[in-house]
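# Overview (structure and organization)
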Amino acid sequence: QVQLVESGGGLVQAGDSLRLSCTASGRSLSTYVLGWFRQAPGKEREFMAAMTWSGTRTRLADSVKGRFTIFRDNAQNTVYLQMNSLKPEDAAVYYCAASLRTVIPTTAGAYGRWGQGTQVTVSS
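What counts, and at which threshold
Residues numbered from 1 in each chain as written. Predicted model: local features only at pLDDT ≥ 70, side-chain atom pairs only at ≥ 80, totals over all residues. Heavy atoms only, no water. Helix = DSSP H or I, 4+ residues; strand = E, 2+ residues; numbered from the N terminus. Areas by Shrake-Rupley, 256 points an atom, 1.4 Å probe, with all protein chains shown as cover. Lys, Arg positive; Asp, Glu negative; His and termini not counted. Charge placed at Lys NZ, Arg CZ, Asp CG, Glu CD. Pairing = 2+ DSSP bridges. Axes fitted to C-alpha atoms, helices over the stretch in contact; angles between N-to-C directions. Disulfide = S-S within 2.5 Å.

## Topic: the overall build of the chain
Of the regular secondary structure elements, the chain holds zero helices and eleven strands. Along the chain direction, N to C, the helices and strands of the chain fall in the order β-β-β-β-β-β-β-β-β-β-β. Projected onto its principal axes, the C-alpha coordinates of the chain cover approximately 40 × 30 × 25 Å. Working note: accessible area of the chain is about 6,400 Å², and carbon and sulfur atoms make up 45% of it. Side-chain charges of the chain comprise 13 positive and 8 negative groups, with the mean position of each set lying 8 Å from the other.

## A look at the sheet that holds strand E8 (residues 78-83)
What the four strands build is an open sheet, ordered E1-E3-E8-E7; its pairing is antiparallel. The open sheet has two edge strands, strand E1 (3-7) and strand E7 (68-73), and neither has a second partner. Adjacent strand axes in the sheet meet at a mean angle of 20°, parallel and antiparallel pairs treated alike. The pairing of strand E3 (residues 18-25) with E8 spans six bridges and is antiparallel. Bridging from a neighbouring strand, Leu18 pairs with Met83 of E8.

## Notes on the state of the cysteines
Applying the stated rule across the entire model yields one disulfide. Between the sulfur atoms of Cys22 and its disulfide mate Cys96 the distance is 2.2 Å. Across the S-S bond linking Cys22 and Cys96, the dihedral sits near 70°, which makes this disulfide right-handed. Of this pair, Cys22 sits in strand E3 while Cys96 sits in strand E9 (residues 92-99), and the two are 74 residues apart along the sequence.

In structure tokens, the structure reads:
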């Protein structure tokens, strides 16, 4: 099984940028899809972005296209979520997750392994 650890969250001001990291460990990492979700208080977990470990496929939520990007460093077993032009409504706990689906899923139920989450707070 794959194990995931998020890092990089913190307090930023509106308009700033932040890069979140998800470091994976385990066996057969190349078989997984790695995704990013966020969950704000009182709201459901929301899909942000995902990519195959091979990097051949990526998918972004329409709401963050143009501001967020996803990429990875295979040498460090790490997937990143680069967040630019942050807005107060981006504040949430951000989670990375792994799925064994062959087509990138956008629902939380399709991801079987989750990290602990990292808090992002955006002040205006």
